[in-house]
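Inside the fold
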Amino acid sequence: MDVCPIGSSDLSEAEEVEIDTIKRHRMALLEDIQKLKEEIAQVFAEIDCFQSAEESKMVQRDKDLCVGRKKFNMDPTKGIQYLTEHKVLSSDLREIARFLYKGEGLNKTAIGDYLGERDPANLQILQAFVECHPFANLNLVQALRQFLWSFRLPGEAQKIDRMMEAFANWYCQCNPGVFQSTDTCYVLSFSVIMLNTSLHNPNVKDKPPFERFVAMNRGINNGGDLPEELLRNLFESIKNEPFSIPEDDGNDLTHTFFNPSREGWLLKLGGRVKTWKRRWFILTDNCLYYFEYTTDKEPLGIIPLENLSVRKVEDPKKPNCFELFNPNCKGQKIKACKTDGDGKVVEGKHQSYKISAATPEERDLWIEAIRTSITQDPFYDLVSARKKKIASKN
């Protein structure tokens, strides 16, 4: 049985109108669907573009961070300036302090130098840096271990004073009632650091007993003495475990020689074989380094200037001479090192170092620069001054 298709003549006028309406709605719906597809595609394209931009920003930020760290390790102030200008760090001083506290990829010596500066911004950063350390319920040695691991203490007395003052203030805020004043904490902190050196430095033959440590700290608690049990706990802690000093990475020499106090060619008289040799000298970080060539990365010798003196001397063979010597240990070899013919590091043979400059003016400039760089151990002077302050109050 055949079925005949329904023709338009079989539909009423109303049905044809309804079919036309359905067709229009269908076409409109298909157009809306197409528009939605295009809008969704546009959204996905924008998301992809945004993700690419964010990834690009992250890659650029990582590059800026890497460059900023390197700049900081060579010149801390310029490093921080670069990081803030490139939006890696904001200008918020607390954020900068947290960045230094984390210390990732940063030279510990550079951190110490930067924190010790007396610029008002640096002082605020130092305070915020110290406050990053959770000292509550720690004894003084525990707090010092944590603090001295986060940077390397600089050699300049004024910088050390500012940093230890900030440490003492924060420790006393975190541990109220332990000491009667921040001056007590300040002096005792230095006593502990000096005790660590005396007990664990192999060059110190006379190891101080507990009784000497007690005597060192008499009257520092607002004129009174600290409890013997407290002092014994601190003494035993240092005796059993010395402070761990942070080691800088392999770029430390680059940092050391980047901004020397003075450099130039000088003639040096040999220690064992008395011949004059031309050497490239670099004065920095309270040390005098000498090289065979200006392009050498490793020095032939290193002369620590701590406790040394410098003076003009006459020599029958060379003009414009000056001498490095130890005024307290005449006849003894100066604590220094050099590399021998096989490249091994050996102890220096000099009881004094005689050096010749090209002109009298150059000699005088070297003497002045070395005298500026030479430092006695600053801890004793700082402790003595603070003890006088405590005594004057009482």
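Residues numbered from 1 in each chain as written. Predicted model: local features only at pLDDT ≥ 70, side-chain atom pairs only at ≥ 80, totals over all residues. Heavy atoms only, no water.

**Some details on the layout of surface pockets**
Approximately 410 Å³ is the volume found for the second largest pocket. Taken together, the residues that form the lining of the second largest pocket break down as four nonpolar, five polar and eight charged. (1 Å grid on protein atoms, 1.4 Å probe; cavity = no way out; pocket = protein on both sides within 12 Å on 5 of 7 lines; lining within 4 Å. Points joined across faces, edges and corners; volume = space filled by probe spheres on them. Nonpolar A, V, L, I, M, F, W, Y, C, P; charged D, E, K, R; others polar.)

**Re the pairing of strand E6 (residues 321-325)**
The element E6 is extensively covered by neighbouring structure, given that five of its five residues are classed as buried. Of the two faces of E6, the one lined by Cys321, Glu323 and Phe325 and the one lined by Phe322 and Leu324 are each fully buried. As paired strands, E6 and strand E9 (residues 352-356) are joined by five bridges and run antiparallel to one another. In the strand pairing of E9, Phe322 is matched with Ile355. (Buried < 20%, exposed > 50% of the residue type's maximum accessible area, 1.4 Å probe, protein only. Helix = DSSP H or I, 4+ residues; strand = E, 2+ residues; numbered from the N terminus. Pairing = 2+ DSSP bridges.)

**Regarding the environment of Leu230**
Here Leu230 shows up in helix H10 (residues 228-240). Separated by 96 residues in the primary sequence, Leu230 and Asn326 have C-alpha atoms spaced 38 Å apart. Aside from chain neighbours lying at most four places away, what touches Leu230 is Val178, Phe179 and Leu188. (Contact = heavy atoms within 4.5 Å.)

**A short note on the packing of helix H4 (residues 108-115) against helix H5 (residues 120-130)**
Two packed helices can be described by the angle between their axes and the distance between those axes. For the pair H4 and H5, the least separation of the axes is 9 Å and the interaxial angle reads 120°. The angle between the axes of H4 and H5 places the two elements in the oblique class. For the pair formed by H4 and H5, the contact residues are Ile111, Tyr114 and Leu115 on the first element and Asn122, Ile125, Leu126 and Phe129 on the second. Its residues assigned to classes, the contact of H4 with H5 comprises six nonpolar, one polar and no charged. (Axes fitted to C-alpha atoms, helices over the stretch in contact; angles between N-to-C directions. Parallel < 35°, antiparallel > 145°, perpendicular 65-115°, else oblique.)

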